[in-house]
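# Structural overview
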Amino acid sequence: YKDTVHKIATRLQEAGIEVLIDQKVPYGADLVSFMNKEIRKCSKCLVFLTPKYKEKAEFTKGGVAYEGNIISKEIYKDQEKEVAFRPVIRDGDDITFIIEAKKAFEFVKTYMTKLSEEIKDEEAYPIMTGSGMKVSAGAGITFVHDKFPFDVAYDYAEQLCKSAKTKLKELSGDEKIPESTSCLDFQVIRSGMGDNIAEYREKRYRFRDNKDDGDIYSLEKRPYFFVDKGTAISGVYADFENLFAFVGESVENKNLARNKLKMLRNAYSEGVQAANDCYALIKSRDKGGVAGDDRTAFNENKVAEFFDVLDVMDFV
């Protein structure tokens, strides 16, 4: 992984960012002093972790344990401050980031955009560009509180990533989107969910308009795909992003009361009729509704139009 870290440091320097990397500390220098002083001077600190690093930090003494102790104290010292550390866990071709909830979507979007640009670089990636290899990325975001067990959050994120890739395989197999499309799924982790997100969603996010023989409705459009606007699929990330921005601006400008959004979110969980009645009430007082257009609570495919945004609005 050292080569990867060195390449990232080089890219940052090329972008005009001053970079200090521990690989450049002279042999025989006082590493404890370096870790104690230099880490605290940085405005941002990328910490590249591996499973072996985690093991050393938890069960041994010395440089890694000392470094880990500094990082932990700085992260949890003041929860009101913006955390300067960005832990990056690398294992195989998977990368895990621990980041503030409000920055999660923007980070994933930036990552996916940069990836799509990078893989076109024939000089940097001659094998991929020369062979016509289909390269994409799948992302899983779990929204959890800061004391939530990391291993559980990581497992949820893996499930979400798999969910997105499975849907990608289905849509690309039907030739609705390219195989090289990147994708994203996300979930707010709440108490009592159990350890299987798919089972939780089947139980809580799907229901019939009648108890036994009605049409099946779904609350979530997830996963989302980084494709052009207007692509004829349900989960276009740009549509989700635009709706999220509109809702945020409406609340900020007091065009749409936040308590009405929470009321609609609760109504969605009560069933089709409750959601339709609640949205009709919102539209009667504000003709633009949640989206500023003529959308209804559920679209023609019997999928909730607004639930995904309402589900995460308290976090981002």
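Preceding this paragraph is the structure being described.
Calculation criteria
- Residues numbered from 1 in each chain as written.
- Predicted model: local features only at pLDDT ≥ 70, side-chain atom pairs only at ≥ 80, totals over all residues.
- Heavy atoms only, no water.
- Helix = DSSP H or I, 4+ residues; strand = E, 2+ residues; numbered from the N terminus.
- Expected span 1.5 Å × (residues − 1).
- Buried < 20%, exposed > 50% of the residue type's maximum accessible area, 1.4 Å probe, protein only.
- Arc of directions from axis to C-beta.
- Contact = heavy atoms within 4.5 Å.
- Axes fitted to C-alpha atoms, helices over the stretch in contact; angles between N-to-C directions.
- Left-handed = near helix turned anticlockwise from the far one by under 90°.
- Nonpolar A, V, L, I, M, F, W, Y, C, P; charged D, E, K, R; others polar.
- Parallel < 35°, antiparallel > 145°, perpendicular 65-115°, else oblique.
- 1 Å grid on protein atoms, 1.4 Å probe; cavity = no way out; pocket = protein on both sides within 12 Å on 5 of 7 lines; lining within 4 Å.
- Points joined across faces, edges and corners; volume = space filled by probe spheres on them.
- Pairing = 2+ DSSP bridges.

Along its 15 residues, helix α5 (residues 104–118) runs 21 Å from first to last C-alpha, staying within 8% of the 21 Å computed at 1.5 Å per residue. Taken residue by residue, α5 has A104, F105, V108, M112 and L115 as its buried positions. Along the axis of α5, the buried residues cluster in a sector spanning 100°; they form a single face. As for α5, its buried residues are in contact with β4 (138–143), β5 (183–188), α9 (237–252) and α12 (307–312).

A few words on unusual backbone geometry. Here the amide bond leading from R222 into P223 is cis, since omega sits at 0°, within 30 degrees of zero. With a phi angle near 60°, E175 is a residue other than glycine that sits in the positive phi range. Here E175 shows up in the loop between α7 (150–173) and β5. Judged by its relative accessible area of 72%, E175 is exposed. Although it is not a glycine, K302 sits at a positive phi angle of roughly 65°. Overall, the relative accessible area of 25% leaves K302 in the partly exposed class.

Before going further, it helps to spend a moment on the packing of α5 against α9. Running from N to C, α5 and α9 cross one another at 145°; their axes reach a closest spacing of 13 Å. The two elements α5 and α9 meet at a crossing, and its hand is left-handed. On the side of α5, the interface is formed by F105, E106 and K109, while α9 contributes Y237, F240 and E241. Considering only residue class, the contact of α5 with α9 consists of three nonpolar, no polar and three charged.

With that settled, consider helix α11 (residues 272–285). Between the first and last C-alpha of α11 there are 20 Å, a value that for 14 residues agrees with the 20 Å anticipated at 1.5 Å per step. Buried within α11 we find V272, A275, C278, Y279 and I282. Looking down the long axis of α11, one finds its buried residues gathered within 140° of arc, a one-sided arrangement. Seen from the buried face of α11, the exposed residues on the opposite side, beyond 90 degrees, are Q273, S284 and R285. Contact partners of the buried residues in α11: β6 (206–208), β7 (216–218) and α10 (258–270).

We now examine the packing of α10 against α11. Closest axis-to-axis distance for the α10/α11 pair is 7 Å, and the angle between their directions is 155°. Judged on the interaxial angle alone, α11 and α10 are roughly antiparallel. The interaxial crossing formed by α10 with α11 has left-handed handedness. Where α10 approaches α11, its residues K260, M263, L264, A267, Y268 and E270 are matched on the opposing element by A274, A275, C278, Y279, L281, I282 and R285. Looking at side-chain class alone, the contact of α10 with α11 contains 10 nonpolar, no polar and three charged residues.

With that settled, the discussion passes to the layout of surface pockets. Volume-wise, the second largest pocket comes out at about 690 Å³. K167, R206, E220, R222 and P223 are, among the 27 residues lining the second largest pocket, the residues nearest its centre. Going through the elements one at a time, α7 and α8 (197–204) are the ones with two or more residues in the lining of the second largest pocket. If one sorts the elements of the lining of the second largest pocket by residue count, α7 sits on top with nine residues. Residues that form the lining of the second largest pocket fall into these classes: nine nonpolar, seven polar and 11 charged.

Taken in spatial order, the three strands make up an open sheet running β4-β5-β8, and their pairing is mixed. Only two strands of the sheet have a single neighbouring strand rather than two, namely β4 and β8 (224–225). Sheet topology note: the β4/β5 ladder contains six bridges and is parallel. Directly across from G140, in β5, lies its bridge partner D185. Here α7 sits on the sheet and contacts β4, β5 and β8; the angle it forms with β4, its principal contact strand, is near 140°.

On their own, these measurements won't tell you what the molecule is for.
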